[in-house]
Amino acid sequence: QVVNILNLLSASLQPMVDSSEVPSRTACLRILAYSVSWGMGGLLDNEERSKFHIKFMEVLQARGDVEAIPPCKESETIFEYVPDWNDRVRSWKLWAPMEWKAPKRLLFSALLIPTVDSVRAEFMMDIVANLEQMRNPPNFRSSLMVGGGGTAKTSTALMYLQKFSLDTMLSKRINFSSATTPFGLQRAIEGEVERKTGKTFCPPGGKRLTVFLDDASMPLVNKWGDQVTNELTRQLVEFGGFYFLEREKRGEFKRIENMQYIAAMGQPGGGRNDVPNRLKSKFLVFNMVLPSTVGVDNIYGSILRARFNPKQSVEASVIATSRELTGATISVWSKVQKMLLPTPAKFHYVFNMRELSRVFQGIMETPLAIVNSDERVVDLWKHECTRVFADKLASDKDKQVVDKIVADVTYDHFGEDLANRCRVVKWWCDFQRDVQTSEDDDDQQAPKIYEPVELWERVQSKAAQYLDMFNERNPAKAMNLVLFEHAMLHLMRINRSIQQKRGSAMLVGVGGSGKQSLTRLAAFTSGHFLFQITITKTYSDVSFMEDLRELYLKAGQRGEAVTFIFTDADIKSETFLEYMNSILATGELVGLYQKDEKDAACAEVRNDFVKDYPGSEENLLNLYQYFLDRLRDNLHIV
């Protein structure tokens, strides 16, 4: 904590040193108060920060340093304020994010919206990264964000990385998991640098490279209590390199220059690992807290306002109803959090910001022509809330709790009249339209329109029709299924998940309950290419990589929708799980592509990139990122 304070103080004073400015006593006190608050209190959650604020203000008043106290209103703390760096006396001002403007192409999965928390975190990461690296006090230009699930650690890091010009700064995101090995980490870093001189390496073109280590606490702790992967991370951050692994140079140190690091990890405890203290000491550490209700409302309210507005020819009643969606969803979310707590038997009962995102993603990806009345808006909202919050629950009793919460919130936020009209939760799916047969009989397609189910018999007949078509086209894999009510409901759940961009699903159930069969049928109804690995005695990591390369070709280069069925019986090696984690997190797999193959993949997507992002620079970095984004949008893992 003392090191944190000293580093923040040095970083805050550095601009004055550079400009030979002599700060006033008031300015020094305010900078010191800011540094102490975040150096010590930055590790706390909201409730503890309030206690810290009260005690810290008492200390400042007792010393007579009242000019260092920010003008806090009720419920505000020093953490909501920052010294104005453009003012000589560093007057206090409220943190405020820049106003977010909706892009022309509103892709929900790619949206990053600044909040007060993200702005505060980005500022600290930036000033520490601009400090000179030193050992006393130890500063390695690195920051570590700690926080629970859904506190926007990854989003904050990605927003920070986006601010840099590609002419001067490159970025690399590495996702850790329990299967990440030191060898895997070293290969990932070595893949981003080139030889400078002798045993010294640096990022290409003499640029700097910021490495983002996500889920840094995930690597396995061995039986001696060591996290070997993070010991290599510490060596890399502290000493600026690692040792050659090649036989002829083994034992010689490979220096990596022009690097800086940011990391994110979950809060330790409750079965989650901590990282070694020796590694923590190399970072500026601060806690990311859940955004306030106002902050959440600003995030999703901005997105909905960009979607439902008069410019899109949306009716006034629909716009008015859509304004209530954020408050209603936050009410459902907070009540579910309080009433359905995780237990050892229900450890997955965790409801964070990601659940909110999934509700709004379902609403945003529904065509405006379908959501053409206030009743339809509420029907869609109730369905998405039920899918997101209730489908993961383990018992009917818990699902009934969610149903009651959704019903009560509907009355509170949308009024009695609208709540009565939408009392029954309607199911929605996108395979109700008739198949349109083209001149080529083999190419039969139906428009995929996400809409409410008005007639249950029609949906069942459509599913049966798709099942017959599947059996005709795949006689060797024909499925003899009875589509009773529960099977139909599960089919629609899977279909909804894989039809969303970056949508994947984990199906849990006893053997023979239809998980794979329904996934095959859902993929067929969605028009996806279906893939599953075939395990043999000789199937290895190399074979798995070859299969993945084929999927990357289809989903990334060609932009085809792919559903990849992966069962627990397919996990022949622990490294398979590491690969799957990387695909879901970033889409990038170390060693999957050689440099010439990577360049070929970028060249393949150039035309689509120019069409989707006119005016953007056509460099390899942008093209490769476009390739990875398209891959993640189109590859669905079940």
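A brief look at the structure comes next.

What counts, and at which threshold
Residues numbered from 1 in each chain as written. Predicted model: local features only at pLDDT ≥ 70, side-chain atom pairs only at ≥ 80, totals over all residues. Heavy atoms only, no water. Salt bridge = Lys/Arg side-chain N within 4 Å of Asp/Glu carboxyl O. Helix = DSSP H or I, 4+ residues; strand = E, 2+ residues; numbered from the N terminus. Buried < 20%, exposed > 50% of the residue type's maximum accessible area, 1.4 Å probe, protein only. Axes fitted to C-alpha atoms, helices over the stretch in contact; angles between N-to-C directions. Parallel < 35°, antiparallel > 145°, perpendicular 65-115°, else oblique. Contact = heavy atoms within 4.5 Å. Pairing = 2+ DSSP bridges. Polar contact = N/O pair within 3.5 Å; in protein donor to acceptor, adjacent residues only side chain to side chain. Phe/Tyr/Trp six-rings, centres within 6.5 Å; stacked < 30°, edge-to-face > 60°. Lys NZ or Arg CZ within 6 Å of the ring centre and 35° of its normal.

Let us now look at the pattern of salt bridges. The full count for this structure, using the stated rule, is 40 salt bridges. Measuring nitrogen to oxygen at the nearest pair gives 3.3 Å for the salt bridge that ties Arg173 to Asp214. Here Asp214 lies in strand 9 (residues 208-214) and Arg173 lies in strand 6 (residues 169-175), a separation of 41 residues in the sequence. Residue Asp214 is classed as buried on the basis of its relative accessible area of 4%. Salt bridges sharing partners connect three or more residues here, namely Glu231, Arg234, Glu238, Arg278 and Lys282.

Glancing now at the packing of helix 16 (residues 456-473) against helix 18 (residues 515-526). At a closest axis distance of 10 Å, the pairing of helix 16 and helix 18 adopts a crossing angle of 95 degrees. It follows that helix 16 is roughly perpendicular to helix 18 by the angle criterion. Contact residues: helix 16 offers Ala463, Tyr466, Leu467, Met469, Phe470 and Arg473, while helix 18 offers Arg520, Leu521, Phe524 and Thr525.

In spatial order, the strands read 6-9-12-5-13; together these five strands make up an open sheet with parallel pairing. On the outer flanks of this sheet lie strand 6 and strand 13 (284-287), each paired with one strand and no other. Taking each pair of neighbouring strands and ignoring which way they run, the sheet shows an average axis angle of 15 degrees. By the bridge criterion, four bridges tie strand 5 (residues 143-146) to strand 13 in an arrangement that is parallel. In the sheet register, Ser143 faces strand 13, and the bridge partner there is Leu284. Against the sheet, helix 5 (residues 153-162) makes contact with strand 5, strand 6, strand 9 and strand 12 (259-265), and its axis sits at roughly 160 degrees relative to strand 12, the strand it touches most.

Next up on the list: the side chain of Ser142. Mapped onto the fold, Ser142 is located in the loop between strand 4 (138-139) and strand 5. From its side chain, Ser142 meets the backbone oxygen of Phe140 in a polar contact 2.8 Å long. With sequence-adjacent residues up to four places away left out, Ser142 is seen in contact with Val128, Val237, Tyr261, Lys282, Phe283 and Leu284.

All right, on to the packing of aromatic side chains then. Throughout the structure, instances matching the rule amount to 31 aromatic pairs. Taking the centre distance of 6.4 Å and the plane angle of 90 degrees together, the rings of Phe431 and Tyr466 count as edge-to-face. Within this pair, whereas Phe431 is found in the loop between strand 14 (428-429) and strand 15 (436-437), its partner Tyr466 is found in helix 16, the two being separated by 35 residues in sequence. Tyr466 carries the same exposure label as Phe431, and that label is buried. Taking NZ or CZ as reference, Lys392 lies 4.9 Å from the ring centre of Phe351, over its face.

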